[in-house]
Amino acid sequence: MNIAASLILWMVYIISLYFSIFLFLVYLDKRSSFRATETPRETSYEPFISILVPAYNEEKTILKTLRSIYALDYSQEKMEVIVINDGSKDATLQVISQFGFDKPNMIIINQENKGKAAALNSALKIARGELFACLDADSFVHPFTLQKMLHIYATEKDERLAIVTPAMKVYEPKNMLQKVQWLEYLVIILIARLSSEMDSLYVAPGPFSLYKTAVIRRIGGFDEQNITEDQEIAYRIQQHHYRIKQCPDGYVYTSSPETLKGFYRQRRRWYLGGMICASKYKSMVGNKEYGDFGIMQMVKNVLGYGFAIVGIGLGLYLLLKPLVHYLNTLFLVHFDIWPYISNLKWKITFFTFMMIDFRKGFLVLFLMMIGYFLFWASLRNSREKAYGYGWIPLFPYFAYYYTLKAFILLVCVIKFARRKNVKW
């Protein structure tokens, strides 16, 4: 490997090691809170709540979504449900109209298709709740989640606390891709909890994040030009020096993509939207005015995009360079393969063993150990077992799932550089 590639690889190793150890130390520092029992449901704070449900072509799932809302352990008299039919072309409007026929606290807004952010803003104009939650029409909230999130607001007693986010799990994964995503979401819950401990959350998940209505109105509502409005609103909350906390066991369940095409479209939107947000709020990168969010989270977010390029680029380089060499050799022998194979010497000597770069090997091993520890901690944090849906999903999760995500991220970097737009 040439000097330039080696230097770049060392930089990636060192920076990755720094952030990994940092997260590991945060976990150790907060381990007492991680051992705590589940978030209490009892709270004296019982404000009027608005629950906003934007829907576009969700006839197959929205009924289950609405039923989960009305099954919440919360007084119906202190809750309103606003469903926004965002120009659906299927039977979504008929389904919600029929369901809400005998629900006096349910309001239906029917509008032409404008996108999720615009749908939320339409509902926000008439919402009466002191707090409001957004629930995607393909997601389902646990009956006790709202009470637990209200407990966070009550115990924090902080006017700057503007959003409480849920812990999001994949709903009943069926195929291998969904089962692998189920594992990934458990890790995301832990990483979000660690970020929450540092006041560094940078996304308010669409499924049931709980907002202070006055604060969101004060900062201008949701950005209708952004394809990831849940990330953009979190960045803007941080910019205005408000806080975001996670409710670690306030569970909400979401339907994950079943096909590679659907998975690609989802992650493409997530990653490209994240790049747009990072670019929009680039003044916060490394800015100590925003505390750990600016110094750690924003820097980590930006470096993550660079790591995708470097990782895939170096991987292709290390793969293609020997392949080109072998093909050139075969060309020189006129592709007479058998003599070439018979003359190959597969011999490992003490000298070749000593030529192994143990420094890089040690770093990679150490990073893997931290990664496995955080994976174990994620399972413990989410009260799940690694074999919840069988042992087989563990292999693709550790073997190539993150490589697949890195390739999608690389595509998004190229699209972002070319300013390619992606719609909702």
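A. Main features of the pattern of salt bridges. Evaluation of the coordinates by the stated rule reveals 19 salt bridges. A salt bridge links Glu156 to Arg243; its shortest N-O distance comes to 3.0 Å. With Glu156 in helix H6 (residues 145-156) and Arg243 in strand E8 (residues 243-254), this residue pair connects regions lying 87 residues apart in the sequence. On the basis of relative accessibility, which here comes to 28%, the residue Glu156 falls in the partly exposed class. A cluster of three or more residues bridged by salt bridges with shared partners is formed by Glu156, Asp158, Arg160, Asp199 and Arg243.

B. Representation of the packing of helix H10 (residues 260-280) against helix H15 (residues 394-417). For the pair H10 and H15, interaxial distance at closest approach is 9 Å and the crossing angle is 55°. With respect to H15, the element H10 is oriented oblique. As H10 runs across H15, the sense of the crossing is right-handed. Between H10 and H15, the residues in contact are Leu260, Phe263, Tyr264, Arg267, Arg268, Tyr271, Leu272, Met275, Ile276 and Ser279 and Tyr401, Leu404, Lys405, Ile408, Leu409, Val411, Cys412, Val413, Lys415 and Phe416, respectively.

C. Seen up close, the nonpolar core. Judged by nonpolar contacts, the single largest core of 62 residues is most densely connected at Val53, Leu66, Ile69 and Phe208. The biggest single contributor to this core is helix H7 (residues 176-197), with eight residues. The contact partners of Val53, leaving out residues within four places of it in the chain, are Ile62, Thr65, Leu66, Ile69, Val81, Ile82, Val83, Ile84, Leu135 and Ala137. Core analysis: the next-biggest nonpolar cluster, separate from the first, contains 27 residues, Phe132, Ala204, Tyr211 and Val215 among them.

D. Broad picture of H6. In a regular helix each residue adds 1.5 Å, so twelve residues correspond to 16 Å; H6 covers 17 Å between its end C-alpha atoms and thus fits that length. Most of H6 is tucked away, with nine of its twelve residues classed as buried. Within the span of H6, buried status applies to Thr145, Leu146, Gln147, Lys148, Met149, Leu150, His151, Ile152 and Tyr153. The positive-phi residue at the C-terminal boundary of H6 is Lys157, with phi of around 50°.

E. Quick peek at the packing of aromatic side chains. Within this structure, the stated rule accounts for 23 aromatic pairs. Summarising the aromatic geometry, the rings of Phe24 and Phe373 are spaced 5.1 Å apart at their centres and angled 80° between planes, so their arrangement reads as edge-to-face. In this pair, Phe24 is assigned in helix H1 (residues 3-29) and Phe373 in helix H14 (residues 358-382), connecting sequence segments 349 residues apart. We classify Phe24 as partly exposed; its relative accessible area is 24%. Residue class for Phe373 comes out partly exposed when judged on its relative accessible area of 23%. Judged by centre distance (5.4 Å) and plane angle (35°), the ring pair of Phe375 and Tyr397 falls under tilted. With Phe375 in helix H14 and Tyr397 in helix H15, this residue pair connects regions lying 22 residues apart in the sequence. Looking at Phe375, the relative accessible area reads 9%, which means it is buried. The exposure class assigned to Tyr397 is buried, which follows from its relative accessible area of 4%. Clustering of aromatic rings is evident, with ring pairs tying together Phe263, Tyr372, Phe375, Tyr397, Phe398, Tyr401 and Tyr402.

Criteria and thresholds
- Residues numbered from 1 in each chain as written.
- Predicted model: local features only at pLDDT ≥ 70, side-chain atom pairs only at ≥ 80, totals over all residues.
- Heavy atoms only, no water.
- Salt bridge = Lys/Arg side-chain N within 4 Å of Asp/Glu carboxyl O.
- Helix = DSSP H or I, 4+ residues; strand = E, 2+ residues; numbered from the N terminus.
- Buried < 20%, exposed > 50% of the residue type's maximum accessible area, 1.4 Å probe, protein only.
- Axes fitted to C-alpha atoms, helices over the stretch in contact; angles between N-to-C directions.
- Parallel < 35°, antiparallel > 145°, perpendicular 65-115°, else oblique.
- Left-handed = near helix turned anticlockwise from the far one by under 90°.
- Contact = heavy atoms within 4.5 Å.
- Core = buried A, V, L, I, M, F, W, Y, C linked by side-chain atoms within 4.5 Å.
- Expected span 1.5 Å × (residues − 1).
- Phe/Tyr/Trp six-rings, centres within 6.5 Å; stacked < 30°, edge-to-face > 60°.

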